[in-house]
Amino acid sequence: MTVDDRTLVIVGAPSSAGSYAPGQELAPAVLREHGLVDRLRSRGITVTDAGDGPVQIWSPDDEHPLAQNLGDVVASVTAVAEKVGAALDDGADVLLLGGSCLVALGAMSALVPRAPDASLLYIDRHSDLNTPQTTTDGALDWMGLAHLLDVPGALPELRDALGPAPLLTPEHVHLLGVVPSASTPGERRIRDALGLQMTVSDDLAHDPRAAAARALEALGPGPIVAHVDVDVLDFTDAPLAEDTGGRNTGPTLAALTEALAMICRDPRFRILSIGEFNPTRAVGAPEVIDRLVDGIAHAL
Ligand SMILES: [Mn+2]
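Only a predicted model underlies this, so the values are computations on that prediction, with no experimental measurement involved.

Reading guide: rules and limits
- Here the residue index of a chain counts from 1 through its sequence in written order.
- For a predicted model such as this one, the threshold for reporting local features is a pLDDT of at least 70, and the threshold for listing and counting side-chain atom pairs is 80 or more; totals across whole chains, interfaces and linings nevertheless cover every residue.
- Values shown for side chains rest on all heavy atoms present in the structure; no hydrogens or waters enter the calculation.
- We treat two strands as partners when DSSP finds at least two bridges between them.
- Segments assigned H or I by DSSP are reported as helices when at least four residues long, segments assigned E as strands when at least two residues long, and all are numbered from the N terminus.
- As a rule, the C-alpha atoms of each element are fitted with a line to give its axis, helices using only the stretch in contact, and angles between N-to-C directions run from 0 to 180 degrees.
- Contacts were defined at the residue level, with two residues in contact if any of their heavy atoms lie within 4.5 Å.
- Each metal site lists N, O and S donors within 2.8 Å (3.2 Å for Na, K and Ca). With water left out of the atoms, a site can look as if it is missing ligands.
- To sort the angles, those under 35 degrees are grouped as roughly parallel, those over 145 as roughly antiparallel, those from 65 to 115 as roughly perpendicular, and the leftovers as oblique.
- Helix crossings are classified by the rotation of the near helix relative to the far one: an anticlockwise turn of less than a right angle makes the crossing left-handed, while a clockwise turn makes it right-handed.
- Just so you know the grouping, Ala, Val, Leu, Ile, Met, Phe, Trp, Tyr, Cys and Pro go in nonpolar, Asp, Glu, Lys and Arg go in charged, and all remaining residues, Gly too, go in polar.
- Within 3.5 Å is the distance limit for a polar contact, defined as a pair of N or O atoms, with the added protein rule that one can donate a hydrogen and the other accept it, and that residues adjacent in sequence qualify only through two side-chain atoms.
- Side-chain atoms within 4.5 Å link the members of a nonpolar core, which is a set of buried Ala, Val, Leu, Ile, Met, Phe, Trp, Tyr and Cys residues.
- Relative accessible area decides the class of each residue, using a 1.4 Å probe on protein chains only: under 20% of the type maximum gives buried, over 50% gives exposed, and in between gives partly exposed.
- Under the convention used throughout, the expected extent of a helix is 1.5 Å for every residue step, that is, one less than its residue count.
- Positive charge is attributed to Lys and Arg, negative charge to Asp and Glu, and no charge count is given to His or to the chain ends.
- For salt bridges, the criterion is a side-chain nitrogen of Lys or Arg within 4 Å of an Asp or Glu carboxyl oxygen.

A. How the structure looks around the sheet that holds strand 6 (residues 197-200). Pairing in this open sheet of 8 strands is parallel, and the strands run 2-1-3-8-7-4-5-6 from one edge to the other. Among the strands making up the open sheet, the edge pair consists of strand 2 (46-52) and strand 6. Geometrically, the sheet is characterised by an average inter-axis angle of 15° between neighbouring strands, direction not taken into account. Of the pairings in the sheet, the one linking strand 4 (residues 119-123) to strand 7 (residues 224-229) comprises 5 bridges and is parallel in character. Within the sheet, the bridge partner assigned to Ile123 lies in strand 7 and is Val228. Contacting strand 4, strand 5 (173-178), strand 6 and strand 7, helix 9 (residues 208-218) crosses the sheet at an angle of about 165° to strand 5.

B. Just the coordination of the manganese ion, in detail. Taken together, Asp124 (OD), His126 (ND1), Asp229 (OD) and Asp231 (OD) make up the protein donors of the manganese ion, found 2.1 to 2.3 Å from the metal. All donors of the manganese ion belong to a single chain; written as a sequence motif, their spacing is D-x1-H-x102-D-x1-D.

C. Representation of the packing of helix 10 (residues 253-264) against helix 11 (residues 287-299) in the model. In the contact formed by helix 10 and helix 11, the axes pass within 8 Å of each other and the chain directions differ by 20°. Comparing the axis directions of helix 10 and helix 11 gives the class roughly parallel. Relative to helix 11, the crossing made by helix 10 is right-handed. Here Leu253, Thr257, Leu260, Ala261 and Cys264 of helix 10 come into contact with helix 11, specifically with Val288, Arg291, Leu292, Gly295, His298 and Ala299. Broken down by class, the residue content of the contact of helix 10 with helix 11 amounts to 7 nonpolar, 3 polar and 1 charged.

D. Summary view of the environment of Thr134. Locating Thr134 in the fold gives a position in the loop between strand 4 and helix 5 (144-148). Placed 68 residues apart in sequence, Thr134 and Leu66 show a C-alpha to C-alpha distance of 9.9 Å. Those residues in contact with Thr134 that lie beyond four places of it in its chain are Thr184 and Gly186. A polar side-chain atom of Thr134 sits 2.8 Å from a polar atom in the side chain of Asn130.

E. Representation of the nonpolar core within the structure. By size, the foremost hydrophobic cluster in this structure holds 51 residues, and its most contacted members are Val84, Met108, Leu145 and Leu148. At the level of secondary structure, the elements contributing two or more residues to this core comprise strand 1 (7-13), helix 3 (70-89), strand 3 (93-98), helix 4 (103-114), strand 4, helix 5, helix 6 (156-162) and strand 5. Sort the elements by how many residues they give to this core and helix 3 lands first, with 9 residues. Those residues in contact with Val84 that lie beyond four places of it in its chain are Val11, Val94, Leu96, Ala110 and Ile271. Counting residues in hydrophobic clusters, the runner-up holds 49 residues, among them Leu204, Val232, Leu260 and Phe269.

F. Here's a closer look at helix 4. Taking 1.5 Å as the rise per residue, helix 4 with 12 residues should run 16 Å; its terminal C-alpha atoms sit 18 Å apart, in good agreement. Within helix 4, 10 of the 12 residues are buried, leaving the element largely enclosed by the surrounding structure. Of all the residues in helix 4, the buried ones are Val103, Ala104, Leu105, Gly106, Ala107, Met108, Ser109, Ala110, Leu111 and Val112.

G. Inspection of the packing of helix 3 against helix 4 at higher detail. Viewed as axis vectors pointing N to C, helix 3 and helix 4 meet at an angle of 45°, and their least axial separation amounts to 8 Å. In this view, helix 3 runs oblique relative to helix 4, as classed from their interaxial angle. Handedness of the helix 3/helix 4 crossing: right-handed. Where helix 3 abuts helix 4, its residues Val77, Val80, Ala81, Val84, Gly85, Ala86, Leu88 and Asp89 lie against Val103, Leu105, Gly106, Ala107, Ser109, Ala110, Leu111 and Arg114.

H. Focus on unusual backbone geometry. The peptide bond linking Gly98 to Gly99 adopts the cis configuration, its omega dihedral lying at 10°. Turning to its location among the elements, Gly99 is positioned in the loop between strand 3 and helix 4. The omega torsion across Ala165 and Pro166 is -10°, close enough to zero to call that bond cis. By the secondary structure assignment, Pro166 is in the loop between helix 6 and strand 5.

I. How the structure looks around the side chain of Glu242. Mapped onto the secondary structure, Glu242 falls in the loop between strand 7 and helix 10. Within the buried core, Glu242 has no salt-bridge partner, and the shortest N-O distance to an opposite charge, that of Arg281, equals 4.4 Å. Looking at Glu242, its side chain comes within polar contact range of the main-chain nitrogen of Ala21, at 3.5 Å. At 3.2 Å, the side chain of Glu242 and the side chain of Gln24 are in polar contact. Not counting residues within four places of it along the chain, the set of residues in contact with Glu242 comprises Ser19, Tyr20, Ala21, Gln24, Glu276, Asn278 and Arg281.

Below is the structure:
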């Protein structure tokens, strides 16, 4: 598939089940309302909308405080994987709209059985290597990569829903945009033990194209999923993310778009997934949603 004849299938995952609070379940609909499909088509891309997985709104899970709403998360990830798999079988590229960062699990669960040498370019302020043993938050949305890699403490119900474990091995992962100080001690231990490769936030902010090139170079010849947690962005430039901690650090939306444009033009690219966009964060500056939509369309 060359960029010139790209066929794109959109899949939505309107779920905040694995998040900290409601909000992210609104993201796929809000992105469509802001003209995402038309903007992609205006760039010459053939677009099909495959619709959404189940709508799930976060509520406290008193029975499983350290792994909240696990059953819903598994259902959402499984639905994403089915839709993404069908799109891949049709030869399309995929734009996956979260929801939380757990959408990346659905993407990899669909792609790896079809391409065992597939890689994940994980663009996030965090490394999402937590388990219920390393954080008391109970939010599964920053435990996703831990389950793809099947680290100690991963929950069998989620891990086994993805396919044979581990679905990914460390050489098929690159972390881009990480803020090392935003990792928990448990995440740092796992990252070091696995020898995970990463390119840090400052490098992505200062020279997005060079950082993207380095990350792409580090990955193998197989197809690539690029997953973006919008919390990688400087929240004061682009208030989009569930996590509001990225103030005055990280790339601007314009800088991230430059990096994504390079990544999505790589011949190995197959899936772009967007996680952690909470539209309620943008109520005071709604133009930022148009900038996000423009950025996605420009990158693709
Ligand atoms: Mn994050």
